[in-house]
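# Working through the structure, step by step
So you can see what is in the structure, the chains are spelled out below.
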Amino acid sequence: MKQKLLGLRIDELSDVAMKLGLPRFAGKQIAEWIYGRHATSIDEMTNISKAHRALLAEHCEIGWAGPIDAQRSKDGTTKYLFPVETTQPASGGKMVETVFIPEEGGRATLCVSSQVGCKMNCLFCQTGKQGFEGNLTANDILNQVYALPERDSLTNIVFMGQGEPMDNLDNVLRATEILTADYGWAWSPKRITVSSVGVKNKLKRFLEESNCHIAISLHAPTHALRAELMPAERGMSIEEVVELLRGYDFSHQRRLSFEYIVFGGINDTPAHAREIVGLLKGLDCRINLIRFHQIPNVPLHGADETRMEQLRDYLTAHGIFTTIRASRGEDIYAACGLLSTAKRISEVRG
């Protein structure tokens, strides 16, 4: 099997070159062709000699693969399915979802996945219903950007697709390093947001090793309610998450946000709003209120517009900058996990 070059750091690319008898500086040339010029084949690397290109192509490949399916919304949102191999043995044939979200003013966000399925099993998430099937490699993660048809228009990336990024931390850190490194895509960390439910020890490591923005999946302000919705609360409570976050500075380059899916009659009352204010008091943060997208066989429904606005206004009036995230892609398989689940069902019935 040929070695995939997409996802390797520059020192690793140099090591590959030297093992094949190429000069060490060829690693920098390869990095420029992959991360700077988005080459689709080794033959394009014309500042490497023809003989060395042939040798490189014999043992290596770029390691990119285009999407195998797409669903396009009338609002411009597109959900892609990408093939992945994952870090698990004999894991071929799997797929993950990636969502491209164009917005007014030229902003374009890509929501990438970090795992196939998820161990967290949140009540409201279709991905969790799939179970856990494997961690994505850095190659799998970066390919969602590399092979995206709209790649050149991207302004932001959010790790909010399938999977819990902290549960695949090594590969997420490798991917974000390459996205932000001078030899890689050279993006500012301010263009990247990584989400988490809060995973003990892993969240702390991410905060110390990355400068990317962090988004915490809150969804309930109390331990009891959050544990009902999110089993991961039993591993690292929201109080522990907030206490950890208080030890870091979010007043300058890095932004801290909390994601809050609003469920009608579950977490949308004035009492819940007061609990949120008490929990986050003193933190430099923002809250994104999210309308719930219905998924099959889950007894939850979204809050109405009036309740969403009341929650936003109360939180803002009490010092927490709060927005209601616009719903996108509602006419396609909008929620995480729905398109990949539908694809699997169709293949089984095939």
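For the structure, see preceding data.
Here is a short report on the structure shown in this document. (Residues numbered from 1 in each chain as written. Predicted model: local features only at pLDDT ≥ 70, side-chain atom pairs only at ≥ 80, totals over all residues. Heavy atoms only, no water.)

## Quick notes on unusual backbone geometry
The condition is simple: Starting at the N terminus, helices and strands are each numbered in turn, a helix being any DSSP run of H or I of at least four residues and a strand any DSSP run of E of at least two. Each residue is assigned to one of three classes by its accessible area relative to the maximum for its type, calculated with a 1.4 Å probe on protein chains only: buried under 20%, partly exposed between the two thresholds, exposed over 50%.
In this model, Ala186 sits at a positive phi of 60°, which is unusual for a non-glycine residue. Of note in this structure, Asn201 is not a glycine but carries a positive phi near 75°. Tracing the chain through its elements places Asn201 in the loop between strand S10 (192-196) and helix H7 (202-209). With relative accessibility at 62%, the residue Asn201 sits in the exposed group.

## Overview of the pattern of salt bridges
Rules: Salt bridges, as used here, are contacts in which a Lys or Arg side-chain nitrogen is within 4 Å of a carboxyl oxygen on Asp or Glu.
All chains considered together, the criterion is met by 20 salt bridges. Residue Glu12 pairs with Arg174 through a salt bridge whose shortest N-O separation is 2.6 Å. One end of the pair, Glu12, is in helix H1 (residues 10-19); the other, Arg174, is in helix H6 (residues 169-180), with 162 residues separating them in the sequence. In this structure Arg174 comes out as buried when scored by relative accessible area, which is 16%.

## As for the layout of surface pockets
For the record, the criterion: Of the grid points, spaced at 1 Å and generated over the protein atoms alone, those admitting a 1.4 Å probe that cannot get out make up cavities, while open sets with protein on both sides within 12 Å along at least five of seven lines make up pockets; any residue with an atom within 4 Å of a point is treated as lining. Grid points are joined across faces, edges and corners, and a volume is the space filled by probe spheres set on the points. Basically, the charged four are Asp, Glu, Lys and Arg, the nonpolar ten are Ala, Val, Leu, Ile, Met, Phe, Trp, Tyr, Cys and Pro, and anything else, Gly included, counts as polar.
As a volume, the second largest pocket reaches approximately 250 Å³. Around the second largest pocket, the lining is made up of 15 residues, and of these Lys4, Leu6, Thr137, Ala138 and Asn139 lie nearest the centre. No other element matches the three residues that helix H5 (residues 138-146) contributes to the lining of the second largest pocket. Its residues placed into classes, the lining of the second largest pocket shows four nonpolar, six polar and five charged.

## A word on the nonpolar core
Quick reminder of the rule: Remark: nonpolar core denotes a set of buried residues (Ala, Val, Leu, Ile, Met, Phe, Trp, Tyr, Cys) joined through side-chain atoms within 4.5 Å. Contact between two residues is taken to exist if any of their heavy atoms lie within 4.5 Å; hydrogens are not considered.
In terms of nonpolar packing, the biggest core is built from 104 residues, with Trp185, Phe258 and Leu280 touching the most fellow members. Those residues within four positions of Phe258 in sequence are excluded, and the remaining contacts are Ile216, Leu218, Val242, Leu245, Leu280, Leu283, Cys285, Arg286, Ile287 and Asn288.

## Some remarks on H7
For clarity, the cut-off: As used here, the arc is the angular range of directions from the helix axis to the C-beta atoms.
Three or more residues of H7 are buried, namely Leu203, Phe206 and Leu207. Down the axis of H7, the smallest arc covering the buried residues is 100°, so these residues share one side. In this structure, H7 carries Glu208 and Glu209 as exposed residues pointing more than 90 degrees from its buried face.

## Notes on the packing of aromatic side chains
Aromatic ring pairs are described here by two measures, namely the spacing of the ring centres and the angle between the planes. Where we set the bar: Centres within 6.5 Å are what make two rings of Phe, Tyr or Trp a pair, Trp counting through its six-membered ring; a difference in plane orientation under 30 degrees is then read as stacked, over 60 as edge-to-face, and the rest as tilted. Cation placement over rings: the criterion is NZ of Lys or CZ of Arg within 6 Å of the ring centroid and within 35° of the ring normal.
As enumerated under the stated definition, the model contains six aromatic pairs in all. Note on Tyr80 and Phe82: the rings are 6.3 Å apart at their centroids and 50° apart in plane angle, and the pair reads as tilted. On the basis of relative accessibility, which here comes to 2%, the residue Tyr80 falls in the buried class. Since its relative accessible area comes to 1%, Phe82 is described here as buried. Ring centres 5.1 Å apart and planes at 65° place the aromatic pair Phe263 and Phe292 in the edge-to-face group. Of this pair, Phe263 sits in the loop between strand S12 (256-262) and helix H10 (270-280) while Phe292 sits in the loop between strand S13 (286-291) and helix H11 (305-317), and the two are 29 residues apart along the sequence. Three or more aromatic residues joined by ring pairs form one cluster here, namely Tyr35, Tyr146, Tyr183 and Trp185. Over the face of the ring belonging to Trp187 we find Arg191, whose NZ or CZ atom lies 3.5 Å from the ring centre.

## Here's the deal with the side chain of Glu164
Rules: Polar contact criterion, stated in full: a pair of N or O atoms within 3.5 Å, where within protein one must be able to donate a hydrogen and the other to accept it, and residues adjacent in sequence count only if both atoms are side-chain atoms.
Tracing the sequence through the fold places Glu164 in the loop between strand S9 (156-159) and H6. In terms of polar contacts, Glu164 uses its side chain to reach the backbone amide nitrogen of Met166, at 3.0 Å. Beyond its immediate stretch of four places on either side in the chain, Glu164 contacts Ser114, Gln115, Cys118, Met120, Ser195, Ser196, Val197 and Val199.

## Concerning the packing of H5 against H6
Here is the rule we go by: Whenever a helix is involved, its axis is fitted only over the stretch in contact; in every case the axis is a line through C-alpha atoms, and angles between N-to-C directions fall within 0 to 180 degrees. The cut-offs work like this: below 35 degrees is roughly parallel, past 145 is roughly antiparallel, 65 to 115 is roughly perpendicular, and the gaps in between are oblique. Should the near helix be turned counterclockwise from the far one by less than a right angle, the crossing is left-handed, whereas a clockwise turn marks it as right-handed.
Viewed as axis vectors pointing N to C, H5 and H6 meet at an angle of 45°, and their least axial separation amounts to 8 Å. Here H5 is positioned oblique relative to H6, judged by the angle of their axes. Regarding H5 and H6, the two cross each other, and that crossing is right-handed. Residue-level contacts link Ala138, Ile141 and Leu142 of H5 to Asn171, Val172, Arg174, Ala175, Ile178 and Leu179 of H6. Tallied by class, residues from the contact of H5 with H6 come to seven nonpolar, one polar and one charged.

## Section: the environment of Gly134
Relative to the assigned elements, Gly134 resides in strand S8 (residues 132-135). What makes Gly134 buried here is its relative accessible area of 0%. Taking the C-alpha atoms as reference, Gly134 lies 35 Å from Asp284; in sequence the two are 150 residues apart. Setting aside anything within four residues of it in sequence, one finds Gly134 in contact with Thr86, Gln88, Gln115 and Val116.

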